[in-house]
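Chain by chain, the residues run as shown.
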Amino acid sequence: GNSVTQMEGPVTLSEEAFLTINCTYTATGYPSLFWYVQYPGEGLQLLLKATKADDKGSNKGFEATYRKETTSFHLEKGSVQVSDSAVYFCALRVSGGSYIPTFGRGTSLIVHP
Amino acid sequence: NAGVTQTPKFQVLKTGQSMTLQCAQDMNHNSMYWYRQDPGMGLRLIYYSASEGTTDKGEVPNGYNVSRLNKREFSLRLESAAPSQTSVYFCASSEGASGGYEQYFGPGTRLTVT
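1. A look at the interface of chain A and chain B
Many descriptions give the size of an interface as the accessible area lost when the pieces come together.
Next, step 1: Taken residue by residue, the interface counts 22 residues in chain A and 24 residues in chain B.
Next, step 2: Linking chain A to chain B there are 1 salt bridge.
Next, step 3: For Glu102 of chain B, the salt bridge identified is with Lys49 of chain A, shortest N-O distance 2.8 Å.
Next, step 4: The tally of links between chain A and chain B comes to 8 residue pairs in polar contact (both at pLDDT 80 or more).
Next, step 5: Elements with a minimum of two residues in the side of chain A that touches chain B: β5 (31–38), β6 (44–50) and β10 (86–94) of chain A.
Next, step 6: Its residues assigned to classes, the side of chain A that touches chain B shows 10 nonpolar, 8 polar and 4 charged.

And the structure:
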């Protein structure tokens, strides 16, 4: 089956620090990979995605590269802000497979001024 | 575009009461989903509708029913609420049911069952 594993949180950083949130996956078939962000009291929203190996998704200063050889899609940002405090979810969907996306458990990020 | 809308935003029920959570999307998406989110459990899929006229069970369907009323609307019904159904419920939609199609989520309904 499909699965997504994310690092446990919370991740606590000072403003302007470098962020990495690890995500690894297993999939039957060729997955597309996603990062979603959930701000307090809101629903999830797409942060970035990549649909094939070696693609890099980027948005709002965040980046993630689809690494097929290591089955990973780690989220990075060079300089975090207090406003980046949120829960981040890694997810995958397989083409031609189940209609159901697979989500990781989420990683909470807390950024202090 | 309003995207995905959910009503109500908050609800308190007594054990045994029933209610329907409403969801609508204005993006002409084919697929719609209902999730629940509990602390430490991540997102769990309750039911989904790959296309208008079809519905299927997800990971945790017991105690729930759904109706895909038309292409826009997908409702979730709790026939006899239980305290274990206290949760935040999210509706989502996507253009297609597989591959590179991302999901769009509503703002959630916060349900408490006493």
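2. Quick notes on the pairing of strand β4 (residues 23–26) of chain A
Residues and elements named next belong to chain A.
Next, step 1: Burial along β4 is one-sided: Cys23 and Tyr25 are buried, while Thr24 and Thr26, pointing the other way, are not.
Next, step 2: Alignment of strand β1 (residues 3–6) against β4, held across 4 bridges, turns out to be antiparallel. Its bridge partner being in β4, Thr5 is matched across the sheet by Thr24.

3. Comments concerning the layout of surface pockets
Next, step 1: Quantified by volume, the largest pocket comes out at close to 360 Å³.
Next, step 2: In this structure, the largest pocket is lined by 19 residues; those nearest its centre are Arg105 and Gly106 of chain A together with Gly40, Met41 and Gly42 of chain B.
Next, step 3: Those elements that place two or more of their residues in the lining of the largest pocket are β1, β10 and β12 (107–112) of chain A together with β4 (31–38) of chain B.
Next, step 4: Split by residue class, the lining of the largest pocket holds 7 nonpolar, 9 polar and 3 charged.
Next, step 5: Each pocket or cavity is described by its volume, and for the second largest pocket that value is around 270 Å³.
Next, step 6: As for the second largest pocket, its lining consists of 13 residues, and the residues nearest its centre are Phe103 of chain A together with Leu43, Arg44, Leu45 and Glu59 of chain B.
Next, step 7: If you list the elements that add at least two residues to the lining of the second largest pocket, you get β11 (102–103) of chain A together with β5 (42–49) of chain B.
Next, step 8: No other element matches the 4 residues that β5 of chain B contributes to the lining of the second largest pocket.
Next, step 9: Split into classes, the residues belonging to the lining of the second largest pocket amount to 7 nonpolar, 3 polar and 3 charged.

4. Here's the deal with the state of the cysteines
Note: disulfide means a covalent bond formed between the sulfur atoms of two cysteine side chains.
Next, step 1: Applying the stated rule across the entire model yields 2 disulfides over all chains.
Next, step 2: Note on cysteine connectivity: Cys23 of chain A is disulfide-linked to Cys90 of chain A, with sulfurs 2.0 Å apart. Between Cys23 of chain A and Cys90 of chain A the sulfur-sulfur dihedral comes to about -70°; the bridge is accordingly left-handed. Residue Cys23 of chain A is located in strand β4, and its partner Cys90 of chain A is located in strand β10; the two are separated by 67 residues in the primary sequence. Accessibility classification places Cys23 of chain A together with Cys90 of chain A in one group, the buried group.
Next, step 3: Between the sulfur atoms of Cys23 of chain B and its disulfide partner Cys91 of chain B the distance amounts to 1.9 Å. The chirality of the disulfide connecting Cys23 of chain B with Cys91 of chain B is left-handed, given an S-S dihedral of about -70°. Highlighted residues: Cys23 of chain B in strand β3 (residues 19–25) and Cys91 of chain B in strand β9 (residues 87–94), separated in sequence by 68 residues. For the residue pair Cys23 of chain B and Cys91 of chain B, the accessibility class agrees, reading buried in each case.

Thresholds, definitions, all that
Residues numbered from 1 in each chain as written. Chains lettered and ligands numbered in written order. Predicted model: local features only at pLDDT ≥ 70, side-chain atom pairs only at ≥ 80, totals over all residues. Heavy atoms only, no water. Contact = heavy atoms within 4.5 Å. Salt bridge = Lys/Arg side-chain N within 4 Å of Asp/Glu carboxyl O. Polar contact = N/O pair within 3.5 Å; in protein donor to acceptor, adjacent residues only side chain to side chain. Helix = DSSP H or I, 4+ residues; strand = E, 2+ residues; numbered from the N terminus. Nonpolar A, V, L, I, M, F, W, Y, C, P; charged D, E, K, R; others polar. Buried < 20%, exposed > 50% of the residue type's maximum accessible area, 1.4 Å probe, protein only. Pairing = 2+ DSSP bridges. 1 Å grid on protein atoms, 1.4 Å probe; cavity = no way out; pocket = protein on both sides within 12 Å on 5 of 7 lines; lining within 4 Å. Points joined across faces, edges and corners; volume = space filled by probe spheres on them. Disulfide = S-S within 2.5 Å.

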